[in-house]
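Coordinate analysis (summary)
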Amino acid sequence: MSYSDTIVVAAGQTKYVPLRVKELNRITGSFSVEGGNNDVNFWVADPFNNVVVQSKTVTRNQEVALVAATAGEYRLYFDNSYSWVTNKVVKYSVTLYWR
């Protein structure tokens, strides 16, 4: 199952994309950022809000891949809270591989 969309992360805000997965599903995806310095902070949290992909500032294009350790809602976070003026446009594509 694949998802893709474009979201705007306003200056000073954080948005997330929820993904409902089953245990041991593989999640792969990529995203690109436009606006300001073309950067955004990014991390992935599991259903218990544990960070499973560490937070980091990414520029331009980024890929992500992980296997869900437990079933539930995983969240891809896009954080623009450090920007006071510039909105960021994030284009993402995610694929879930069911097991």
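Residues numbered from 1 in each chain as written. Predicted model: local features only at pLDDT ≥ 70, side-chain atom pairs only at ≥ 80, totals over all residues. Heavy atoms only, no water.

**Considering the nonpolar core**
Keep this limit in mind: Residues grouped as a nonpolar core are buried Ala, Val, Leu, Ile, Met, Phe, Trp, Tyr and Cys residues, joined through side-chain atoms within 4.5 Å. Only protein chains enter the accessibility calculation, which uses a 1.4 Å probe; a residue is then buried when its area is under 20% of its type maximum, exposed when over 50%, and partly exposed in between. The way it works is that DSSP assigns letters per residue, a run of H or I at least four long becomes a helix, a run of E at least two long becomes a strand, and they are numbered from the N terminus. Only heavy atoms matter for contacts: two residues are in contact if any of them lie within 4.5 Å across the pair.
Grouped together as the largest cluster of nonpolar side chains are 23 residues, with contacts concentrated most on Leu 19, Ile 27, Phe 31, Phe 42, Val 44, Leu 76 and Phe 78. Listed by contribution, the elements that provide at least two residues to this core are β1 (2-9), β2 (14-21), β3 (26-34), β4 (39-45), β5 (51-59), β6 (61-67), β7 (72-79) and β8 (88-97). Of all the elements, β8 adds the most residues to this core, at four residues. Ignoring sequence-local partners within four residues, the contact set of Phe 42 consists of Phe 31, Val 53, Gln 54, Ser 55, Lys 56, Val 58, Val 64, Leu 76, Tyr 77 and Phe 78.

**Brief notes about the packing of aromatic side chains**
Spelled out, the test is: Working definition: a ring pair exists when centres of Phe, Tyr or Trp rings (six-membered ring for Trp) sit within 6.5 Å. Plane angles under 30 degrees give stacked, over 60 give edge-to-face, the rest tilted.
Taken as a whole and judged by the stated rule, the model has six aromatic pairs. Measuring from centroid to centroid gives 4.7 Å for Phe 31 and Phe 42, while their planes differ by 40 degrees, and the two rings are tilted. With Phe 31 in strand β3 and Phe 42 in strand β4, this residue pair connects regions lying 11 residues apart in the sequence. Accessibility classification places Phe 31 together with Phe 42 in one group, the buried group. Between the aromatic rings of Phe 78 and Tyr 92, the centroid separation amounts to 6.4 Å while the plane-to-plane angle is 25 degrees, which identifies the pairing as stacked. Pair noted here: Phe 78 is in strand β7 and Tyr 92 is in strand β8, with a separation of 14 residues, a long-range link.

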